[in-house]
Amino acid sequence: ENEEDFVKVSKSFFKEQGLDENYLGGENNDEELKCLSLTATAEVSPVCAVMGGVLGNEVLKAISSKGEPANNILLFDGMDGGCKSFVLK
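Summarised in this report is the structure supplied together with it. Treat the numbers as computed from the prediction; the structure is a model and nothing was measured.

## Digging into the overall build of the protein
Okay, so step 1: From N to C terminus, the protein includes three helices and two strands.
Okay, so step 2: Walking the protein from its N terminus toward its C terminus, one meets helices and strands in the order α-α-α-β-β.
Okay, so step 3: In terms of overall dimensions, the protein is more spread out than a globule: its C-alpha atoms have a radius of gyration of 15 Å, far above the 12 Å expected for 89 residues.
Okay, so step 4: Expressed as lengths along the three principal axes of its C-alpha atoms, the size of the protein is roughly 45 × 30 × 20 Å.
Okay, so step 5: Looking at the 89 residues of the protein, the share that counts as buried comes to 10%.
Okay, so step 6: Per element, the accessible surface of the protein, about 6900 Å² overall, is 57% carbon and sulfur.
Okay, so step 7: Computing the positive centroid from 8 side-chain charges and the negative centroid from 16, the protein places the two 7 Å apart.

## Quick notes on the nonpolar core
Within soluble globular proteins, side chains that are nonpolar generally end up buried alongside one another.
Okay, so step 1: In terms of nonpolar packing, the biggest core is built from five residues, these being Val7, Phe14, Leu24, Leu33 and Phe86.
Okay, so step 2: When sequence neighbours within four positions are dropped, the list of residues in contact with Leu33 reads Phe6, Val7, Ser10 and Leu24.

## Let's talk about helix H2 (residues 29–39)
Okay, so step 1: The complete set of buried residues in H2 reads Asn29, Leu33 and Ser37. All buried residues of H2 project into a common sector of 80 degrees when viewed along the axis, lining one side.
Okay, so step 2: Tucked inside the fold, the buried residues of H2 contact helix H1 (2–16).

## Overview of the packing of H1 against H2
Okay, so step 1: Relative orientation of the contacting elements H1 and H2 amounts to 115 degrees, with a least axis distance of 9 Å. The interaxial crossing formed by H1 with H2 has right-handed handedness. Side by side, H1 and H2 meet where Glu3, Glu4, Phe6, Val7, Ser10 and Lys11 of the first sit next to Asp30, Leu33, Lys34, Leu36, Ser37 and Leu38 of the second.
Okay, so step 2: Partitioned by chemical class, the residues of the contact of H1 with H2 number five nonpolar, two polar and five charged.

Parameters and conventions
- Residues numbered from 1 in each chain as written.
- Predicted model: local features only at pLDDT ≥ 70, side-chain atom pairs only at ≥ 80, totals over all residues.
- Heavy atoms only, no water.
- Helix = DSSP H or I, 4+ residues; strand = E, 2+ residues; numbered from the N terminus.
- Rg over C-alpha atoms; globule rule 2.2 N^0.38 Å.
- Buried < 20%, exposed > 50% of the residue type's maximum accessible area, 1.4 Å probe, protein only.
- Areas by Shrake-Rupley, 256 points an atom, 1.4 Å probe, with all protein chains shown as cover.
- Lys, Arg positive; Asp, Glu negative; His and termini not counted.
- Charge placed at Lys NZ, Arg CZ, Asp CG, Glu CD.
- Core = buried A, V, L, I, M, F, W, Y, C linked by side-chain atoms within 4.5 Å.
- Contact = heavy atoms within 4.5 Å.
- Arc of directions from axis to C-beta.
- Axes fitted to C-alpha atoms, helices over the stretch in contact; angles between N-to-C directions.
- Left-handed = near helix turned anticlockwise from the far one by under 90°.
- Nonpolar A, V, L, I, M, F, W, Y, C, P; charged D, E, K, R; others polar.

Structure representation (C-alpha cells):
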C-alpha cells in the first residue's frame, strides 16, 4: 500500500518538474521506486558515515568560501549498494 502511494507521488513529482516518468532509469521504473520506498527509512552505518563525511566537506567549503559546492544529489540504492548522482538545475 505505501509502496504504491510512493510510486504515485514520485510520478506526480516527476511530471510537475517536467521530467520523464522513468527519470530514475531502468526498464521497470515502478519496481525500482517500490524498492526505494522499502529501503528509504533504513540506516546503514557505513553509508551514514560516508554521507556525514560528504556533508562535513560541503559545510567546510561553505564556511571557508573555498571550492565550489556540490551541485547534485547523491542517491544510495540500498538494494544493490550502488549510487546514482543527479545534477540540480
